[in-house]
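Coordinate inspection notes
Now for the letters of each chain:
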Amino acid sequence: MVKSEASKLKTTSSEVGQSDFCENLRLLCSFEASVSEACRAMGINRQQFSKYLSGTSAPSHKNMRKICDYFEVRLADLYLPHDEFQLSDVITQRQEKSKNSSFSHSPLSKAFQGQTRPLSKYLGAYLSYFHSFSWKGKILCALTVLTEKNGTVESKTIERCRDPEDNTLFLSKYAGQAAWLGNRIFVVEYQELAKDAIVETVLYPMSRSRLTYMRGVTFGVSSQRRHPYMAKSVWKYLGPNADLKEALKMVGLHDPNSRMIDPQVRNYLGTSEVIGGSEIFNFEL
């Protein structure tokens, strides 16, 4: 009789723990853009994950590790009583991130959330090159840095050059976000100083094993005549710990044959091919 009661107590305790686990997991998922996107990021089948949320199935050791790693929680945290879990640091931090993220409710939020993992290998500094529309026959080199912040990947870009004719200094600073979508990297940035333009760059890595160059297209507005334009672009990776002061020395306007231009970058960019104004935006990479 005693043995039977002990067995019943053990079963009841296990069921309570599993119930807390389900509620805690559902709470964590409520901070995600969608459960489907979270499943894809974790590498867990969506239908199988639904069984974890409903309590009809328990995760394997392998999938439990994926869940803990993705949500950055300890296994013991997931089995805390739900009332206690709601007040834990795990949830408090997520609530703060959600509250402080002004971008989290925008129409584009889903595209830029949860990008830390897919873009982890791409974090760091780049020299970004493209043929200038304002100064025909010149190549503009800018410095772009991708960093992780609150589950998103932020971008910062600085362009600095002098007009070859009258030596006027043009300085532009951009801030935005990056997303990995369909095997391409999308970077959307806002001109912080003039507050008069949004620039988008679409890139694709050229090597899966080694990150050195990425080719793509940049869409923007010219600094002088304010015409929309599209130009081929190349990003050269400097690494996560690059010397930014040294990198800034490369930022500026260059002749295509200048020694300041990496030969590989020159080869990828090809001849000056910039489309803008009333011309049709159509060319192959």
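For the structure given in this document, a descriptive report is provided here. (Residues numbered from 1 in each chain as written. Predicted model: local features only at pLDDT ≥ 70, side-chain atom pairs only at ≥ 80, totals over all residues. Heavy atoms only, no water.)

Things to note about unusual backbone geometry
Put simply, the test is: Only DSSP runs of H or I reaching four residues or more are called helices, and only runs of E reaching two or more are called strands; each is numbered from the N terminus. Only protein chains enter the accessibility calculation, which uses a 1.4 Å probe; a residue whose area is less than 20% of its type maximum is buried, one above 50% is exposed, and one in between is partly exposed.
One non-glycine residue, N183, lies in positive phi territory at about 65 degrees. Positioned with a positive phi, K195 is a non-glycine residue whose angle comes to about 55 degrees. Mapped onto the elements, K195 comes out in the loop between β5 (184-191) and β6 (198-205). In this structure K195 comes out as exposed when scored by relative accessible area, which is 55%.

Regarding the packing of helix α2 (residues 35-42) against helix α3 (residues 46-54)
Inclusion rule: Angles here are taken between N-to-C directions and fall from 0 to 180 degrees, while the axes themselves are lines fitted to C-alpha atoms, restricted in helices to the stretch in contact. Oblique is the label for any angle not under 35 degrees, not over 145, and not in the 65 to 115 range, which are roughly parallel, roughly antiparallel and roughly perpendicular in turn. A crossing counts as left-handed when the near helix is turned anticlockwise from the far one by less than a right angle, and as right-handed when that turn is clockwise. Contact definition: two residues touch when any of their heavy atoms are within 4.5 Å. Polarity classes work like this: nonpolar for Ala, Val, Leu, Ile, Met, Phe, Trp, Tyr, Cys and Pro, charged for Asp, Glu, Lys and Arg, and polar for all others, with Gly in that last group.
Closest axis-to-axis distance for the α2/α3 pair is 10 Å, and the angle between their directions is 110 degrees. Relative to α3, the element α2 lies roughly perpendicular. Considering the relative orientation of α2 and α3, their crossing is right-handed. Across the interface between the two elements, V35, S36, C39 and M42 from α2 touch R46, F49 and L53 from α3. Looking at side-chain class alone, the contact of α2 with α3 contains 5 nonpolar, 1 polar and 1 charged residues.

A short note on the packing of α2 against helix α4 (residues 61-71)
Running from N to C, α2 and α4 cross one another at 110 degrees; their axes reach a closest spacing of 10 Å. In terms of axis orientation, α2 runs roughly perpendicular to α4. Helix-helix and strand crossings are classified by hand; for α2 and α4 the assignment is right-handed. Together, A38, A41 and M42 of α2 and K66, I67, Y70 and F71 of α4 make up the contact between the two elements. Taken together, the residues of the contact of α2 with α4 sort by class into 6 nonpolar, no polar and 1 charged.

Details of a nonpolar patch on the surface
What counts is decided by this rule: Patches in this entry comprise residues that are over 30% relatively accessible and not in a salt bridge; like charges within 9 Å are linked, as are nonpolar side chains (Val, Leu, Ile, Met, Phe, Trp, Tyr) within 5 Å. Values of accessible area rely on a 1.4 Å probe in the Shrake-Rupley scheme; residue burial ignores everything except the protein chains shown. Salt bridge criterion: a side-chain nitrogen from Lys or Arg within 4 Å of a carboxyl oxygen from Asp or Glu.
Taken together, L169, L171 and L193 make up a surface patch of nonpolar side chains, about 260 Å² in accessible area. Judged by its relative accessible area of 47%, L193 is partly exposed.

Quick look at the pattern of salt bridges
In a structure, side chains of opposite charge can pair up when their charged atoms sit close to one another. One pass over the structure, following the stated rule, counts 6 salt bridges. Of the charged contacts in the structure, one is a salt bridge between D77 and R74, with a shortest N-O distance of 3.0 Å. Where E246 meets K249, a salt bridge forms, and the shortest distance between an N and an O atom there is 2.8 Å. Among the residues examined, E246 registers a relative accessible area of 42% and is labelled partly exposed. For K249, a relative accessible area of 55% puts it in the exposed group.

Considerations on the nonpolar core
To be explicit about the condition: Nine residue types can take part in a nonpolar core, namely buried Ala, Val, Leu, Ile, Met, Phe, Trp, Tyr and Cys, and a core is a set of them joined through side-chain atoms within 4.5 Å.
In this structure, L25, L28, M42, F49, I67, F71 and L78 are the most contacted members of the largest nonpolar core, which totals 24 residues. Only α1 (2-29), α2, α3, α4 and α7 (89-100) provide two or more residues apiece to this core. A per-element tally of this core places α1 first, with 6 residues. What I67 contacts, discounting residues up to four positions off in sequence, is L25, M42, I44, F49, Y52, P59 and L78. Among the nonpolar cores identified, the runner-up in size contains 16 residues, and I139, V145, V234 and V265 belong to it.

Section: α4
Here is the rule we go by: Arc, as used here, means the arc of the directions from the helix axis to the C-beta atoms.
Three or more residues of α4 are buried, namely N63, M64, I67, C68, Y70 and F71. Mapping the buried residues of α4 onto a view down its axis gives an arc of 165 degrees, with all of them on the same face. Away from the buried face of α4 by more than 90 degrees, exposed residues H61 and K62 are located. Two residues or fewer past α4, E72 is found with a positive phi of approximately 55 degrees.

Some points on the environment of I261
Within the element layout of this structure, I261 appears in the loop between β9 (252-254) and α10 (263-269). Along the backbone, I261 and L140 are 121 residues apart, and their C-alpha atoms lie at a distance of 9.9 Å. In contact with I261, not counting residues within four places along its chain, are Y129, I139, H254, D255, P256 and R266.

Thoughts on the pairing of strand β7 (residues 213-221)
Formally: Each pair of strands is called paired provided DSSP finds at least two bridges between the two strands.
Note: β6 against β7, 6 bridges, orientation antiparallel. Bridging from a neighbouring strand, T201 pairs with T218 of β7. Where β7 and strand β8 (residues 228-239) come together, 9 bridges link them in antiparallel fashion. Looking at the pairing, G220 lines up with Y229 of β8.

A short note on empty space enclosed by the protein
Convention followed: A pocket here means an open set of points on a 1 Å grid, computed over the protein atoms alone, that has protein on both sides within 12 Å along at least five of seven lines. A cavity is instead a set of points where a 1.4 Å probe fits but cannot get out; residues with an atom within 4 Å of a point line either one. Grid points are joined across faces, edges and corners, and a volume is the space filled by probe spheres set on the points.
One pass over the structure, following the stated rule, counts 3 cavities of 30 Å³ or more. Roughly 120 Å³ of volume is contained in the largest cavity. If you go around the largest cavity, you meet 13 residues; those closest to its centre are F130, T157, E159, E189 and T201. If you list the elements that add at least two residues to the lining of the largest cavity, you get β1 (124-131), β2 (139-149), β3 (152-162), β6 and β8. The class makeup of the residues in the lining of the largest cavity is 5 nonpolar, 6 polar and 2 charged.

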